[in-house]
Amino acid sequence: MRRRAVTGALYATPAAVLVGLFFVVPLLLVVWMSLHRWPLLGTPRLNAPGNYTGIVDNTLVSSAAWFTLRYTVLITALLFVLAFGLALLVQNRRPGVGFFRTAFFLPMAVGFASASLLFLGLLSDEIGPFPTGGDSPGLGSAVLLVLWRFAGFNMLILLTGLQAIPLDVYEAARIDGASRWQVFGRITLPLMRPTIALVLTMMITGSLLAFDQFWILTRGGPDNSTTSLVMVIYREAFVRLDLGSAAGVSVVLLVLLAVVSSVQFAVLRRRPA
């Protein structure tokens, strides 16, 4: 038993080292930086809890937090409905369904930054087929971009959950005279709860960390109306050159993501009734 334990530890050591170097150490460094006034060039000075109290007085952070929250609710609702609808559409095997599954998933092969640049080109007044007439692309363009790129990916995860439901359950419900809506509400949704929780958590997490689409399409404008929290972190670090303030906002965002993940795990541990 001791020999097997040592062998298992040796196999796990490379992964543990990588996690420690690329996750634990940077995390501890960010927390340490958040307790200091840490200029990009210069000597750090302890100012705890100045970076955290400064967040309350920073109007850009508050407006970015409110925008990020509204964007998260909007994109999560639209993306979930679209992805679930596509999953239900291609759930059953029929001629041509494989083509549609591939077509819906294909945008995921495009890098997110590349997809943002593609949409920026489509909306360009100089070369794009859908010019904006001199106006900067707004929130609607970013929402369409996210729906186009991520709907197929989330569809695939939801489709996996749908296909894991035993067909015997559906057959028994039909024999008992259940309607389609009754089957969907009393069988499909309860049995899909772990998969739905996973998908919603990924959607919420990705929305809270939104950066590429707004940085490339809108640059946070007009008048910082589309500035996300991650854009604030970027500006604090590389525009104002205050790494300590950026680290403080990062830690607060990390706590928020940890709360979301905790809710996810609580839902995943629950068994359908």
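Here, every reference points to the structure presented above.
The following refers to the structure shown. Predicted, not measured: the structure shown is a model, and the values here were computed from it.

Before going further, it helps to examine the overall build of the chain. When you go through the chain residue by residue, the secondary structure sums to 12 helices and two strands. Its helices and strands in sequence order give the chain the pattern α-β-β-α-α-α-α-α-α-α-α-α-α-α, from N to C terminus. Overall, the C-alpha framework of the chain stretches about 75 × 70 × 30 Å when taken along its three principal axes. Relative to its 273 residues, the chain shows a buried fraction of 36%. Contacts in the chain between residues at least 24 apart in sequence constitute 69% of all its contacts with a sequence separation of at least 6. About 16,500 Å² of surface is accessible on the chain, with carbon and sulfur atoms providing 69% of the total. One finds the centroid of the 20 positive side-chain charges in the chain at a distance of 16 Å from the centroid of its 11 negative side-chain charges.

Before going further, it helps to examine the nonpolar core. Among the nonpolar cores identified, the biggest contains 55 residues, and Tyr71, Phe80, Phe84, Leu158, Met192 and Phe214 are the most heavily contacted of them. In terms of residue count, the dominant contributor to this core is helix α3 (residues 59-89) (12 residues). Not counting the four nearest positions on each side in its chain, Phe80 is found in contact with Ile75, Leu158, Ile196, Val199, Leu200 and Met203.

This brings us to unusual backbone geometry. Negative phi is the rule for most residues except glycine; trans is the rule for most peptide bonds. Residue Ala48 is joined to Pro49 through a cis peptide bond whose omega torsion reads -5°. Within the chain, Asp223 stands out as a residue other than glycine whose phi angle is a positive 55°. Here Asp223 shows up in the loop between α10 (212-217) and α11 (229-238). Phi is positive for Asn224, which is not a glycine, with a value near 60°. Tracing the backbone shows Asn224 in the loop between α10 and α11. For Asn224, a relative accessible area of 34% gives the class partly exposed.

Right, let's talk about the pattern of salt bridges for a bit. Counted by the stated rule, this structure contains three salt bridges. For the salt bridge of Glu171 with Arg174, the shortest nitrogen-to-oxygen distance reads 3.8 Å. Of the two residues, Glu171 and Arg174 both sit in helix α7 (residues 167-175), three residues apart, roughly one turn of that helix. On the basis of relative accessibility, which here comes to 54%, the residue Arg174 falls in the exposed class.

Running from amino to carboxyl end, helix α8 (residues 180-191) crosses helix α9 (residues 193-208) at an angle of 60°, the nearest separation of the two axes being 4 Å. Regarding the angle of α8 to α9, the classification is oblique. Here α8 contributes Leu189, Pro190 and Leu191 to the contact with α9, which in turn contributes Arg193, Pro194 and Ile196. A per-class count over the contact of α8 with α9 returns five nonpolar, no polar and one charged.

All right, on to the side chain of Thr227 then. Its place among the elements puts Thr227 in the loop between α10 and α11. If near-sequence neighbours (up to four positions away) are discounted, Thr227 is found in contact with Leu60, Ala64, Phe67, Thr68, Gly220, Val232 and Arg235.

Let us look at a nonpolar patch on the surface. On the surface, a nonpolar cluster with roughly 510 Å² of combined accessible area is contributed by Val17, Leu18, Leu21, Phe22 and Val25. On the secondary structure map, Phe22 appears in helix α1 (residues 2-34). The class of Phe22 is exposed, set by a relative accessible area of 65%.

What counts, and where the lines are drawn
- Residues numbered from 1 in each chain as written.
- Predicted model: local features only at pLDDT ≥ 70, side-chain atom pairs only at ≥ 80, totals over all residues.
- Heavy atoms only, no water.
- Helix = DSSP H or I, 4+ residues; strand = E, 2+ residues; numbered from the N terminus.
- Buried < 20%, exposed > 50% of the residue type's maximum accessible area, 1.4 Å probe, protein only.
- Contact = heavy atoms within 4.5 Å.
- Areas by Shrake-Rupley, 256 points an atom, 1.4 Å probe, with all protein chains shown as cover.
- Lys, Arg positive; Asp, Glu negative; His and termini not counted.
- Charge placed at Lys NZ, Arg CZ, Asp CG, Glu CD.
- Core = buried A, V, L, I, M, F, W, Y, C linked by side-chain atoms within 4.5 Å.
- Salt bridge = Lys/Arg side-chain N within 4 Å of Asp/Glu carboxyl O.
- Axes fitted to C-alpha atoms, helices over the stretch in contact; angles between N-to-C directions.
- Parallel < 35°, antiparallel > 145°, perpendicular 65-115°, else oblique.
- Nonpolar A, V, L, I, M, F, W, Y, C, P; charged D, E, K, R; others polar.
- Patch = residues over 30% accessible without salt bridge, like charges linked within 9 Å, V, L, I, M, F, W, Y side chains within 5 Å.

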